[in-house]
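Remarks on the overall topology
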Amino acid sequence: GDALSPSIDGEDGGQLKNWAGNYEYSTNRLFPATSTEQVRELVKKHNKIKVLGSRHCFNSIADSADNFISVKQMDDVISLDEKARTITVEAGVAYGKLAPYLHSRGFALHNLASLPHISIAGACATATHGSGVKNGNLATAVTAMEIVTAAGDVQVISKEHDAEKFDGAVVNLGGIGVVTKVTLKIVPTFMMRQNVYENLALKQLEEHLDEVLSAGYSVSLFTDWKNQNFSQVWIKRKVDDGAAFKAEPTFFGATLAQKNLHPIGTMSPINCTDQMGVPAEWYERMPHFKMGYTPSSGKELQSEYFVPYESGYQALLAINELRTYIAPQLQISEIRTINADNFWMSPCYKQPSMAIHFTWKQNWPAVRKILPLIEEKLAPFNGRPHWGKLFTVSPSRLKLLYEKLPDFQQLMHEYDPHGKFRNKFLDTNIFSS
């Protein structure tokens, strides 16, 4: 159909849903755009419209009761500037497509999320992250964005020319406009290897938090909260050219795995990136899951909370007190680290952070009862929820957690004075506070 008429995109003619299938969107009116010009026309034509990305959020952050615009087909590389070490891409590009392209030209991104199938604009808008004490979240690679504002105007917001506004606009929660292009900082390409260790006692972090979490370029700890230990530690390291490497047989009491593993020990590791110290390109090791593997649907729910890195061990002890509630509803929990950034609405705003992630069974009534308990335990550490995952933190609490929230309200008002891009999520969490 013509681009300005909606394509009804509900599966089997049913209602449009997110990736996990736990959230049903409030409209099926989806307009696919293939160019910035089409985005402008659609934005001008509708009083209310939202961008629907790779649908990897578990809550209503991307929902619309009126109209959706999809930039999924806008997934080309616009330009690679080798001298400036930046790449400009259309907003719909998934990391899984961009990474091999970059590598083939001798470049890499500093960080990737555990799933490579998400779109760049969506990942940056929600402060999505990978891991590594020295690595900022994915949004920290952004140097400029092209957006279509509520009036249908095209604007470029760049770190260089709009310093103050830029810090408010990158992690934008979908609230300031339709991002059509993104410019990212890139680094020279590199090889990586990963090794997994089994059974690290939680107690080891009391004395060795830094050594454990800095043991590689990126480190992830997995636990089911059943017995005060981490069932797996994934250590991802850069390969030093020519240096012989042999993984130590033990790591703070944990033992080196002798075969590839899935973070959930009972599952097949076939879709996981290879471990056992086998070197490969950065993008085949930094995520936990392979580029070629498409997660058709994840029968799961996800929540995640960020606490200051230096309070990380205390926060884990606090969660551990809830393990009898958590364990029965949990698939797996992952602990990661993220460096500080300057983005107003980033959970890592001005603080290096530890992220405590929960992948739940798809039982929302049970999970909904557990989240307030977790949030209460993390309140002394000012635990901030991941914007795109399930939480019950109140709007008044969010206002206390985000000192720049009033500035962000102002920025949204400036770009979108009549609330064209606002939805229930933004009205509740950003504007009702």
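One open sheet holds the five strands; their spatial order is S5-S6-S10-S8-S9, and the pairing between them is antiparallel. Two strands close off the open sheet at either side, each with one partner strand: strand S5 (77–81) and strand S9 (154–158). Strand after strand, the sheet turns through a mean of 15 degrees between neighbouring axes, direction not considered. As defined by bridge partners, S5 adjoins strand S6 (residues 86–90) across four bridges and the pair is classed as antiparallel. Paired with Leu-80 across the bridge in S6 is Ile-87. Where helix H2 (residues 95–104) meets the sheet, its contacts fall on S5, S6 and strand S10 (178–185), and the angle it forms with S6 comes to roughly 145 degrees.

Under the criterion given, the structure shown has 12 salt bridges. Between Glu-321 and Lys-377 there is a salt bridge, and its shortest N-O distance comes to 2.5 Å. Of this pair, Glu-321 sits in the loop between helix H6 (312–320) and helix H7 (323–326) while Lys-377 sits in helix H8 (residues 364–378), and the two are 56 residues apart along the sequence. Exposure remark for Lys-377: the relative accessible area of 26% places this residue in the partly exposed category. The residue Arg-336 makes a salt bridge to Glu-334 at a minimum N-O spacing of 3.6 Å. Take Arg-336: its relative accessible area is 5%, and that puts it in the buried class.

A word on the side chain of Lys-404. When you line up the elements, Lys-404 lands in the loop between helix H9 (395–401) and helix H10 (405–415). Overall, Lys-404 belongs to the buried group, its relative accessible area being 16%. For Lys-404, the contacting residues outside a window of four places in its chain are Glu-164, Trp-344 and Tyr-349.

With that out of the way, let us pick up the layout of surface pockets. To find the voids left in a structure, one rolls a probe of water-molecule size over its atoms. Taken as a whole, the second largest pocket encloses approximately 340 Å³ of empty space. Lining the second largest pocket are 16 residues, with Asn-59, Ser-60, Trp-364, Leu-390 and Phe-391 positioned closest to its centre. Mapped by element, the contributors of at least two residues to the lining of the second largest pocket are H8 and helix H11 (424–431). When residues of the lining of the second largest pocket are assigned to their parent elements, the largest contribution, four residues, is made by H11.

With the rule as written, the count across this model stands at 15 aromatic pairs. Ring geometry for Trp-282 versus Tyr-283: centroids 5.4 Å apart, planes at 85 degrees, classification edge-to-face. Ring plane angle 40 degrees and centroid distance 5.2 Å describe the contact between Trp-387 and Tyr-402, whose orientation is recorded as tilted. One end of the pair, Trp-387, is in the loop between strand S21 (384–385) and H9; the other, Tyr-402, is in the loop between H9 and H10, with 15 residues separating them in the sequence. Given a relative accessible area of 0%, Trp-387 falls into the buried group. Residue class for Tyr-402 comes out buried when judged on its relative accessible area of 1%.

Right, let's get into the side chain of Gln-194. Within the secondary structure layout, Gln-194 lies in strand S12 (residues 191–201). Using a relative accessible area of 0% as the deciding quantity, one classes Gln-194 as buried. Side-chain polar atoms of Gln-194 contact the side chain of Lys-236, separated by 2.8 Å. In this view, Gln-194 contacts Trp-234, Ile-235, Lys-236, Thr-273, Asp-274, Gln-275, Met-276, Gly-277 and Arg-285; residues no more than four positions away in its chain are not counted.

About the cut-offs
Residues numbered from 1 in each chain as written. Predicted model: local features only at pLDDT ≥ 70, side-chain atom pairs only at ≥ 80, totals over all residues. Heavy atoms only, no water. Pairing = 2+ DSSP bridges. Helix = DSSP H or I, 4+ residues; strand = E, 2+ residues; numbered from the N terminus. Axes fitted to C-alpha atoms, helices over the stretch in contact; angles between N-to-C directions. Contact = heavy atoms within 4.5 Å. Salt bridge = Lys/Arg side-chain N within 4 Å of Asp/Glu carboxyl O. Buried < 20%, exposed > 50% of the residue type's maximum accessible area, 1.4 Å probe, protein only. 1 Å grid on protein atoms, 1.4 Å probe; cavity = no way out; pocket = protein on both sides within 12 Å on 5 of 7 lines; lining within 4 Å. Points joined across faces, edges and corners; volume = space filled by probe spheres on them. Phe/Tyr/Trp six-rings, centres within 6.5 Å; stacked < 30°, edge-to-face > 60°. Polar contact = N/O pair within 3.5 Å; in protein donor to acceptor, adjacent residues only side chain to side chain.

Geometric values such as these leave the question of function open.
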